[in-house]
Amino acid sequence: MEPIIKTVKMSKHFGSGNKKVELFNDVDISIGRNQLVGIRGRSGSGKTTLLNLFGALDTPTSGEIYVEGQLLNSLDSRQRSELRRTKMGFVFQSYGLVPLMTVEENIEFGLRIVGIPREERPDRIKRSVEIVGLEKRIHHRPFELSGGEQQRVAIARAIAPGPSIILADEPTAELDTKTGFYIIQAFHELIKNTETTIIMTSHDEEILSLIEHVYVLEDKRVAYEKNETTV
Amino acid sequence: MGSELVRDRVADTKTTTKYDQGMLLFNKLKSWAWIIVRAFLLIGLSFVILYPIFLKISIAFKDKADIYDTTIMYIPKNFTLENFQMVFETMGYFEALWNSFVLSGSTMLLTTISCALIGYGFARFNFKGRNILFGLVVFTILVPPQTLMVPTYLQYRDFDLFGLISLFNDGSGIRLIGTYWPFLLTSATGVGLRAGLFIFIFRQFFKGIPQELEDAALVDGASVFRTFFSIMLPNAIPAIITVMLFSFVWQYNDVYFTTLYLDNPNVISGKLLSAPSTIGHRLSAISGGGDATDPLYLSMLVNTAVLLAILPLIILYMFVQRHFVESVERTGIVG
Ligand SMILES: Nc1ncnc2c1ncn2[C@@H]1O[C@H](COP(=O)(O)OP(=O)(O)O)[C@@H](O)[C@H]1O
Ligand SMILES: [Mg+2]
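Here's a quick rundown of the structure. Keep in mind it's a predicted model, so treat the numbers as computed, not measured. (Residues numbered from 1 in each chain as written. Chains lettered and ligands numbered in written order. Predicted model: local features only at pLDDT ≥ 70, side-chain atom pairs only at ≥ 80, totals over all residues. Heavy atoms only, no water.)

Take the side chain of Ser128 of chain A next. All names here are of chain A. Its location among the elements puts Ser128 in helix H4 (residues 121-132). Looking at Ser128, the relative accessible area reads 3%, which means it is buried. Beyond its immediate stretch of four places on either side in the chain, Ser128 contacts Ile107, Ala156, Ile159 and Ala160. (Helix = DSSP H or I, 4+ residues; strand = E, 2+ residues; numbered from the N terminus. Buried < 20%, exposed > 50% of the residue type's maximum accessible area, 1.4 Å probe, protein only. Contact = heavy atoms within 4.5 Å.)

Here we come to unusual backbone geometry. All names here are of chain A. One non-glycine residue, Asp26, lies in positive phi territory at about 45 degrees. Mapped onto the elements of the fold, Asp26 is located in strand E2 (residues 21-27). Of the residues examined, Asp26 reaches a relative accessible area of 37% and is grouped as partly exposed. Phi at Asn34 is positive, roughly 55 degrees, even though this residue is not glycine.

Every residue near ligand 1 is listed here: Phe14, Leu23, Arg42, Ser43, Gly44, Ser45, Gly46, Lys47, Thr48 and Thr49 of chain A together with Arg157 and Arg175 of chain B. Proximal residues around ligand 1 fall on chains A and B, making this an inter-chain site. Between ligand 1 and the protein, one listed contact pairs an oxygen atom with a backbone N or O atom of Ser45 of chain A at 3.4 Å. Interatomic distance of 2.6 Å between a side-chain N/O atom of Thr48 of chain A and an oxygen atom of ligand 1. Burial of ligand 1 by the protein chains amounts to 77% of its free accessible area of 570 Å². Broken down by element, the residue count for the shell around ligand 1 peaks at three residues, all from helix H1 (residues 47-54) of chain A. Taken together, the residues that form the shell around ligand 1 break down as two nonpolar, six polar and four charged. (Near = heavy atom within 4 Å. Polar contact = N/O pair within 3.5 Å; in protein donor to acceptor, adjacent residues only side chain to side chain. Areas by Shrake-Rupley, 256 points an atom, 1.4 Å probe, with all protein chains shown as cover. Nonpolar A, V, L, I, M, F, W, Y, C, P; charged D, E, K, R; others polar.)

Here we take up helix H8 (residues 181-188) of chain B. Residues and elements named next belong to chain B. Listing the buried residues of H8 in full gives Pro182, Phe183, Thr186 and Ser187. End-on, the buried residues of H8 take up no more than an arc of 115 degrees, which puts them together on one face. The first or second residue beyond H8 is Gly190, which carries a positive phi of 75 degrees. (Arc of directions from axis to C-beta.)

Just geometry here; none of it tells us what the structure is for.
In structure tokens, the structure reads:
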């Protein structure tokens, strides 16, 4: 099967001269579909940059990135945002929930932006809320929820439009380990029930040990590592 | 007041009729009833506001052993400062507090200056498109910044002004993510945290200041800026205090922008957000790994962290409270 994301000799550098930072040099990876993928690296190793590259929010210095077989380099900025809107869901460290809207309204709002017709929205909201296990909270507002619950709402909002890829930057960074486990559980639930691929970064060993496919950022390269997980 | 009048008359005439006595009693009862109702209302309101804080204080001083002691409601049996010590260490409290004050203080000053100038412009100058522009300002109050997350992030990840910066920087903007610059730039240009509301407050306030005050100064040959600083600003102290306090507190409490602009927000709001994580990890490190951390103990420590986070604001509020209450009354803002 065609990989969801593939890179060919991808390099990313910042700056020039003696301030030059070489984050990636000639990275060749391909990520299979419908998996939960972890990206590990210490702070400053380029995890966020890698997610930005995959999400067409940044361009490589050289080399190619394919998303579902489509070469990103050739797209102009309108096509890029179209690709993000239709294929990708983002979960940032900042939850970005609108404080005045309830959980349900926040998710509905995301659907409206993506252009999902009104009739389809209630169903999608219901399903995404079920996957993250927040059925009892849909009429609450963000400030009535704990950090872990808010993060789950952000995830529900990202998955509701049915993207083929979810890019999550340190989604468990602010949570205690147990709450972090729930997030990973929700992710597993998601790949079991849908065709989505989830790519998430983390620097937490405990969290990463629950993820089967992990890519490690080291020495300007990205190495694959398979975990024996019991989940 | 009514009862005093009656009493005076009573004292004057010395001939107390039955009618007067009845009035006296009725008025007395009325004023007592009012005092009681008022006391109830105030106590009730204070209770609603203060109870959570008292509860937090009570929990913060409890020992780990007190959690499971069912005989303890509010007063801990084993007073301890261990919780505080733990939180101070894991949060890096004082450094984060200092950073928070630097960040909130500087955005407060910049926001107040920029919004006062903009509000003055809207209040006093007639120019083409003024109403449309002001409509746009109100529009920024209505649009939640959360809806603009990705563009905001990209704006400061590759910051550029009309492509000028990239001319000198190898074709790319500069990275402002992870610095305080996004906060400073937005507040200096009047588009910071809730700046639309502050512009609105200043505009309304300046509109309420009589035009004659300025006219006199202008006739005397003062420049526009001179008039603004020496006539308008001194008269706008209530609005200034209101805006300063709100902008400080909102910035201090904000997590959306701090987590969006800063990679590792070393400020109180950010540290509080990640408190469950950092404290949890610390606990499991102490207990030698595994998931042996007691969730009740963890929540007790997080509770202490919350208390420590709001404490500076409470102390600050005690000092400025009097000015603030007056100012809010005079600007007509409630809440
Ligand atoms: N636009 C940029 N310009 C210059 N340097 C950058 C830029 N983006 C990222 N960097 C640098 O690249 C490194 C990796 O950043 P990042 O991807 O955020 O790492 P991580 O998310 O793993 O902590 C950092 O040292 C950062 O300073
Ligand atoms: Mg990062």
